[in-house]
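Remarks on the overall topology
Listed below are the residues making up each chain.
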Amino acid sequence: MEAQILELLRMLKRYPGTFMRSPVNFENYVAFISGLFSGVRFSNGIRYEREISEWYQSRVAERASNMVWFDQFNREHQKENDYSKSILLLDTLIEFFEQYRSSD
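Report on the accompanying structure. (Residues numbered from 1 in each chain as written. Predicted model: local features only at pLDDT ≥ 70, side-chain atom pairs only at ≥ 80, totals over all residues. Heavy atoms only, no water.)

Points about the side chain of asparagine 25
Assignment of secondary structure puts asparagine 25 in the loop between helix 2 (16-19) and helix 3 (26-44). Within the local environment of asparagine 25, its side chain forms a polar contact with the backbone nitrogen of asparagine 28, the two atoms lying 2.9 Å apart. Not counting residues within four places of it along the chain, the set of residues in contact with asparagine 25 comprises Met20, Asp82 and Ser86. (Helix = DSSP H or I, 4+ residues; strand = E, 2+ residues; numbered from the N terminus. Polar contact = N/O pair within 3.5 Å; in protein donor to acceptor, adjacent residues only side chain to side chain. Contact = heavy atoms within 4.5 Å.)

Things to note about the pattern of salt bridges
Tallying each qualifying case throughout the model produces four salt bridges. With a closest N to O distance of 2.7 Å, arginine 10 and glutamate 98 form a salt bridge. Residue arginine 10 is located in helix 1 (residues 2-14), and its partner glutamate 98 is located in helix 6 (residues 82-102); the two are separated by 88 residues in the primary sequence. On the basis of relative accessible area, arginine 10 is assigned to the partly exposed category, the value being 29%. Between lysine 13 and aspartate 91 there is a salt bridge; the shortest N-O distance is 2.4 Å. Here aspartate 91 lies in helix 6 and lysine 13 lies in helix 1, a separation of 78 residues in the sequence. The exposure class assigned to aspartate 91 is partly exposed, which follows from its relative accessible area of 31%. (Salt bridge = Lys/Arg side-chain N within 4 Å of Asp/Glu carboxyl O. Buried < 20%, exposed > 50% of the residue type's maximum accessible area, 1.4 Å probe, protein only.)

Some remarks on the packing of aromatic side chains
Applying the stated criterion across every chain yields a total of 13 aromatic pairs. Centre to centre, the rings of tyrosine 48 and tyrosine 100 are 5.7 Å apart; their planes meet at 75°, and the pair counts as edge-to-face. Of the two residues, tyrosine 48 is situated in helix 4 (residues 48-57) and tyrosine 100 in helix 6; the sequence distance between them amounts to 52 residues. Each member of the pair, tyrosine 48 as well as tyrosine 100, carries the same accessibility label: buried. (Phe/Tyr/Trp six-rings, centres within 6.5 Å; stacked < 30°, edge-to-face > 60°.)

Topic: the environment of valine 60
As for its position among the elements, valine 60 is in the loop between helix 4 and helix 5 (69-76). Look at valine 60 and you get buried, because its relative accessible area is 10%. Counting along the chain gives 13 residues from valine 60 to phenylalanine 73, while the straight-line C-alpha distance between them is 9.5 Å.

In structure tokens form, the structure reads like this:
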């Protein structure tokens, strides 16, 4: 499963318009990825959002464990433009899934 999600994230980064409707922006990435994780949770019982949140909390200086990690990410990168923030989000998720996959 993680290999397929990694491939999808890499394709989103390379060809965003293929998967998402216009405009391709940070909010649409969050909606798409949240939907993906919800679908995985309902079909396979895997709760990636919780695991990503724990992993992300261990990497940031200001912890906000009661905040949805997408919101925390958005707040931490609020000075970035929309495109840069979107790429940072995908890079962060790719890094998580590479580490998650290698820990098996």
